[in-house]
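# Inside the fold
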Amino acid sequence: MGTEHSKNEGRRSMVFLRKGPKLPAWEDALLSGREPKSLLKRGLRYVSLSLIMKGMTSTPDFLWGLPEVQKLNLSRNQLVVIPPLLGKLDRLVVLNLGGNCLKSLPKEIGLLRNLRVLFINMNCLTEVPAELSLCRKLEVLSLSHNRISQLPLSFTDLTSLRKLNLSNNRFVQIPLCIFALRSLDFLHLGSNRLENIAESIQHLVNLQIFIVENNNIRTLPRSLCYITTLELLNVDYNAIQTLPDDLYLLHQLRRIAWNPMDKGLHIAHNPLSRPLPEVVEGGLDVLFNYLKDKKEHN
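What comes next concerns the included structure. (Residues numbered from 1 in each chain as written. Predicted model: local features only at pLDDT ≥ 70, side-chain atom pairs only at ≥ 80, totals over all residues. Heavy atoms only, no water.)

### Overview of the pattern of salt bridges
- Scanning the entire structure with this criterion turns up 11 salt bridges.
- In this structure, arginine 136 engages aspartate 157 in a salt bridge whose closest nitrogen and oxygen atoms are separated by 3.7 Å. In this pair, arginine 136 is assigned in the loop between strand S5 (117-119) and strand S6 (140-142) and aspartate 157 in the loop between S6 and strand S7 (163-165), connecting sequence segments 21 residues apart.
- Put simply, lysine 163 and aspartate 185 hold a salt bridge, and the shortest N to O gap is 2.9 Å. Here the residue lysine 163 occupies a position in strand S7, and aspartate 185 occupies one in the loop between S7 and strand S8 (186-188), the gap between them amounting to 22 residues.
- A relative accessible area of 32% means that lysine 163 is categorised as partly exposed.
- Within the structure, one salt-bridge network assembled from shared partners comprises Arg116, Glu139, Arg162, Lys163 and Asp185. (Salt bridge = Lys/Arg side-chain N within 4 Å of Asp/Glu carboxyl O. Helix = DSSP H or I, 4+ residues; strand = E, 2+ residues; numbered from the N terminus. Buried < 20%, exposed > 50% of the residue type's maximum accessible area, 1.4 Å probe, protein only.)

### A closer look at the nonpolar core
- Judged by nonpolar contacts, the single largest core of 83 residues is most densely connected at Leu151, Ile178, Phe210 and Leu287.
- Contributions of two or more residues to this core are made by strand S2 (47-50), helix H3 (276-281) and helix H4 (284-296).
- The element contributing the most residues to this core is H4, with 4 residues.
- For isoleucine 178, the contacting residues outside a window of four places in its chain are Leu151, Leu164, Leu166, Leu184, Leu187 and Leu204. (Core = buried A, V, L, I, M, F, W, Y, C linked by side-chain atoms within 4.5 Å. Contact = heavy atoms within 4.5 Å.)

### Points about the pairing of S2
- Going residue by residue along S2, you find Val47 and Leu49 tucked away on one face and Ser48 and Ser50 left uncovered on the opposite face.
- Direction of pairing for strand S1 (residues 41-42) relative to S2: antiparallel, over a ladder of 2 bridges. Bridged to lysine 41 within S2 is serine 48.
- Linking two consecutive strands that pair antiparallel, namely S1 and S2, is a turn of 4 residues.
- In the sheet, S2 pairs with strand S3 (residues 71-73) via 3 bridges, with the strands oriented parallel. Within S3, the position partnered with leucine 49 by the bridge is leucine 72. (Pairing = 2+ DSSP bridges.)

### Examining the sheet that holds S6
- An order of S1-S2-S3-S4-S5-S6-S7-S8-S9-S10-S11 is seen for the 11 strands of this open sheet, with the pairing classed as mixed. If you trace the sheet from one side to the other, it starts and ends with S1 and strand S11 (264-266), each paired once.
- Pairing between S5 and S6: 3 bridges, direction parallel. When the sheet's bridge partners are listed, leucine 118 is paired in S6 with leucine 141.

### Things to note about H4
- With 13 residues, H4 should reach 18 Å at 1.5 Å per residue; the first-to-last C-alpha distance of 18 Å fits that figure.
- Listing the buried residues of H4 in full gives Leu284, Leu287, Phe288 and Leu291. Seen along its axis, H4 keeps its buried residues to an arc of 95°; they face one direction. Structural note: H4 exposes Asp285 and Glu296 on the side pointing more than 90 degrees away from its buried face. (Expected span 1.5 Å × (residues − 1). Arc of directions from axis to C-beta.)

### Things to note about the environment of aspartate 157
- Judged by its relative accessible area of 32%, aspartate 157 is partly exposed.
- A sequence separation of 80 residues divides aspartate 157 from tyrosine 237, and the C-alpha atoms of the two residues are 32 Å apart.

### Quick word on the side chain of serine 75
- The residue serine 75 is located in the loop between S3 and strand S4 (94-96) in this model.
- In contact with serine 75, other than residues within four places in its own chain, are Leu51, Ile52, Met53, Asn96, Leu97, Gly98 and Asn100.

### Here we look at a positive patch on the surface
- Taken together, the side chains of Lys103, Arg147, Arg170 and Arg193 define a basic patch exposed on the protein surface.
- When you line up the elements, lysine 103 lands in the loop between S4 and S5. (Patch = residues over 30% accessible without salt bridge, like charges linked within 9 Å, V, L, I, M, F, W, Y side chains within 5 Å. Areas by Shrake-Rupley, 256 points an atom, 1.4 Å probe, with all protein chains shown as cover. Lys, Arg positive; Asp, Glu negative; His and termini not counted. Charge placed at Lys NZ, Arg CZ, Asp CG, Glu CD.)

### Focus on the layout of surface pockets
- Within this model, the largest pocket holds a volume of roughly 170 Å³.
- Phe186, His188, Ile209, Ile211, Glu213, Leu232, Asn234, Pro260 and Met261 together form the lining of the largest pocket.
- When contributions to the lining of the largest pocket are tallied by element, the ones reaching two or more residues are S8, strand S9 (209-211) and strand S10 (232-234).
- Across the lining of the largest pocket, the residue classes tally to 6 nonpolar, 2 polar and 1 charged. (1 Å grid on protein atoms, 1.4 Å probe; cavity = no way out; pocket = protein on both sides within 12 Å on 5 of 7 lines; lining within 4 Å. Points joined across faces, edges and corners; volume = space filled by probe spheres on them. Nonpolar A, V, L, I, M, F, W, Y, C, P; charged D, E, K, R; others polar.)

Pasting the structure below:
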């Protein structure tokens with residue numbers, strides 16, 4: 001009887017253990033005595049390590065002993081701080097810190113001289129360290145969904161930057177340093193507090209996608225019309241009443257766009273003065289012809 005009781009208890013214990021919370025892969029590996037390097041994935045181009053959604057509130061110490069890692073994903077955790085030891089991972093090409101609780105970044109991020117892609121979206125940043133501008137190879141940077149209101153002037157050194165997402169922050173004006181980033185082809189400043197677009201926007205001669213939806217912009221500068229590479233211009237949900245006469249110069253805009261994913265001119269939900277609402281309804285060709293005629297008769 002006693003033996004049968006013990007067996008039943010043993011079964012219950014085994015069932016309980018099976019149903020318990022599963023250890024994150026990295027904890028499981030370390031507890032079983034495996035080398036941290038066994039967590040690395042060696043792809044065709046990069047050595048990568050993913051610790052996404054592990055419930056981490058701090059970075060594991062073993063991480064800083066893996067200098068060979070080139071792609072590191074620490075997104076969607078509860079990280080509050082990234083230690084200065086980050087600078088030891090100087091082979092990093094791609095770093096994803098999105099979806100955490102970071103209020104600042106260590107200045108040692110500037111030691112990541114091979115970094116090309118950096119995601120720090122959906123955190124609690126109020127500023128960005130000037131040392132980030134030392135990452136001269138950086139091509140893609142997302143700082144969206146933070147609390148940033150300005151960028152360091154040293155950002156002018158990020159001459160390789162092609163894609164910059166600053167949406168859902170607290171910018172009242174476009175930071176001056178951005179106008180020096182001549183390689184930019186994508187710039188997203190939607191859902192900020194912008195009241196205007198500076199004439200200096202014309203310096204972004206390679207810009208193809210420019211999004212400033214959901215701001216407080218009242219007018220579009222004439223200089224915007226000289227960025228003839230623009231394929232998508234989104235100014236939805238602003239306070240725009242009139243359009244510059246030279247807007248027809250943006251010949252890469254193919255249509256009035258309504259779907260957020262479509263290329264073209266997005267101009268919905270603005271208090272356009274008459275007869276512009278009716279003209280826009282006729283399509284982009286009708287709008288451009290109207291603006292041409294208006295310019296010729298002025």
